[in-house]
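# Summary of structural features
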Amino acid sequence: MRQPAVAGQFYPLHCDNLEKELARCFEGLELRERNVFGAVCPHAGYVYSGKVAAHVYATLPEADTYILFGPNHTGYGSPLSLSRETWKTPLGTIDVDLELADGFLGSIVDADELGHTYEHSIEVQLPFLQYRFGRDFKILPICMGMQDADTAVEVGNLVANLVSESRKRVVIIASSDFTHYETAERAKETDSEIIDAILNLDVPGMYDSLYRRNASVCGYGPIAAMLSASQKLGGSRATLLKYANSGDVSGDMGAVVGYAAIIVE
């Protein structure tokens, strides 16, 4: 069992309070399922990025399995870590899709729990899925410490092949925040360029912008893997649903973190 690592920090520890916080995040949003193959979703504390994240989850269709790519902030575990354990949140437990997980045996992705033990980037997505879809789904969590373009595209293509063979309904979620600790003006300028590349489904262009601007986007590998897989599965159009930053909540525009909600249909 993978126990919650950041309940009580990034989101409320107790079920009732968590449900109230999630309801706040979805307030004013229409729940309208779209034919989403993949998405980019932030992973900060719910008070800062929860409303942005809810824009994605309000559009997601019901799926057999949600594949979650997250960056490895901790440095623990394998460079590419796949979890096979059942995950627990204050809203209940979620099983991993072991059938899909078995497809990674012998690949560059390792079955490794240590990479997930203290990592928040995937964990914070799960209560949103539980709030929207209850218990009738599985997950496939992949934590990426190695995020170069070749690795990300290889992982994305592997995921797409496994999903195609399985004939399951799958949605792929890339967990990422955008610019960290720049002014709001500078963050928006940098993030707009990177988001434009994502909206054009242009993985090489995204990496070019990242390197040229020395951007502090933390989940660029998960984004690239999601884009690669989504396009191979039939995704052809990306839409920015919401962009915001932490200063919109804190009032401090001098050192913000950027958040974007993007879907690929």
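Structure report, in brief. (Residues numbered from 1 in each chain as written. Predicted model: local features only at pLDDT ≥ 70, side-chain atom pairs only at ≥ 80, totals over all residues. Heavy atoms only, no water.)

### Concerning unusual backbone geometry
The phi dihedral of Tyr181 falls on the positive side, at around 60 degrees, and the residue is not glycine. Looking at where Tyr181 falls in the secondary structure, it is placed in strand 9 (residues 180–182). (Helix = DSSP H or I, 4+ residues; strand = E, 2+ residues; numbered from the N terminus.)

### A look at a negative patch on the surface
A cluster of acidic side chains, namely Glu33, Glu62, Asp64 and Asp136, defines a negative patch on the protein surface. Here Asp136 lies in the loop between helix 5 (126–133) and strand 7 (138–144). Accessibility expressed as a relative area gives 67% for Asp136, which makes it exposed. (Patch = residues over 30% accessible without salt bridge, like charges linked within 9 Å, V, L, I, M, F, W, Y side chains within 5 Å. Areas by Shrake-Rupley, 256 points an atom, 1.4 Å probe, with all protein chains shown as cover. Salt bridge = Lys/Arg side-chain N within 4 Å of Asp/Glu carboxyl O. Lys, Arg positive; Asp, Glu negative; His and termini not counted. Charge placed at Lys NZ, Arg CZ, Asp CG, Glu CD. Buried < 20%, exposed > 50% of the residue type's maximum accessible area, 1.4 Å probe, protein only.)

### What about a nonpolar patch on the surface?
A grouping of Val47, Tyr48 and Val249 is seen on the molecular surface, where their side chains present a nonpolar patch of about 260 Å² in accessible area. Note that Tyr48 resides in helix 2 (residues 46–57).

### Describing empty space enclosed by the protein
The full count for this structure, using the stated rule, is one cavity of 30 Å³ or more. Of the volumes computed, that of the largest cavity is approximately 30 Å³. Element by element, the count of residues in the lining of the largest cavity is highest for helix 2, at four residues. For the lining of the largest cavity, the class distribution of residues is six nonpolar, four polar and no charged. (1 Å grid on protein atoms, 1.4 Å probe; cavity = no way out; pocket = protein on both sides within 12 Å on 5 of 7 lines; lining within 4 Å. Points joined across faces, edges and corners; volume = space filled by probe spheres on them. Nonpolar A, V, L, I, M, F, W, Y, C, P; charged D, E, K, R; others polar.)

### Re the pairing of strand 1 (residues 38–41)
Residues Gly38 and Val40 line one face of strand 1 and the alternating positions Ala39 and Cys41 line the opposite face, and both faces are buried. Where strand 1 lies against strand 11 (residues 256–264), three bridges are found, and the strand directions are antiparallel. Across the sheet, residue Ala39 finds its bridge partner in strand 11, namely Ile263. (Pairing = 2+ DSSP bridges.)

### Concerning the packing of helix 8 (residues 203–213) against helix 9 (residues 220–233)
At a minimum axis separation of 10 Å, helix 8 and helix 9 run at an interaxial angle of 165 degrees. In terms of their interaxial angle, helix 8 and helix 9 are classed as roughly antiparallel. Note that helix 8 runs across helix 9; the crossing there is right-handed. Contact with helix 8, carried on its side by Val203, Met206, Tyr207 and Leu210, involves Tyr220, Gly221, Ile223, Ala224, Leu227 and Ser228 of helix 9 and no other residues of that element. Looking at the contact of helix 8 with helix 9 residue by residue, the classes come out as eight nonpolar, two polar and no charged. (Axes fitted to C-alpha atoms, helices over the stretch in contact; angles between N-to-C directions. Parallel < 35°, antiparallel > 145°, perpendicular 65-115°, else oblique. Left-handed = near helix turned anticlockwise from the far one by under 90°. Contact = heavy atoms within 4.5 Å.)

### So, the side chain of Asp97
Counting through the fold element by element, Asp97 comes out in the loop between strand 5 (92–94) and helix 3 (98–102). What makes Asp97 buried here is its relative accessible area of 1%. Engagement of the side chain of Asp97 in a polar contact is seen with the side chain of Thr65, the distance being 2.6 Å. Here the side chain of Asp97 touches Glu99 through a polar contact of 3.2 Å, landing on its backbone nitrogen. Not counting the four nearest positions on each side in its chain, Asp97 is found in contact with Thr65, Lys138, Ile139, Leu140 and Lys168. (Polar contact = N/O pair within 3.5 Å; in protein donor to acceptor, adjacent residues only side chain to side chain.)

### Section: the environment of Ile263
Structurally, the position occupied by Ile263 is in strand 11. The class for Ile263 is buried, based on a relative accessible area of 0%. Spatially, the C-alpha atoms of Ile263 and Glu27 are 20 Å apart, while their sequence positions differ by 236 residues. Dropping the residues within four chain positions of it, Ile263 is found in contact with Arg34, Val36, Gly38, Ala39, Val56, Thr59, Arg237, Ala238, Thr239 and Leu241.

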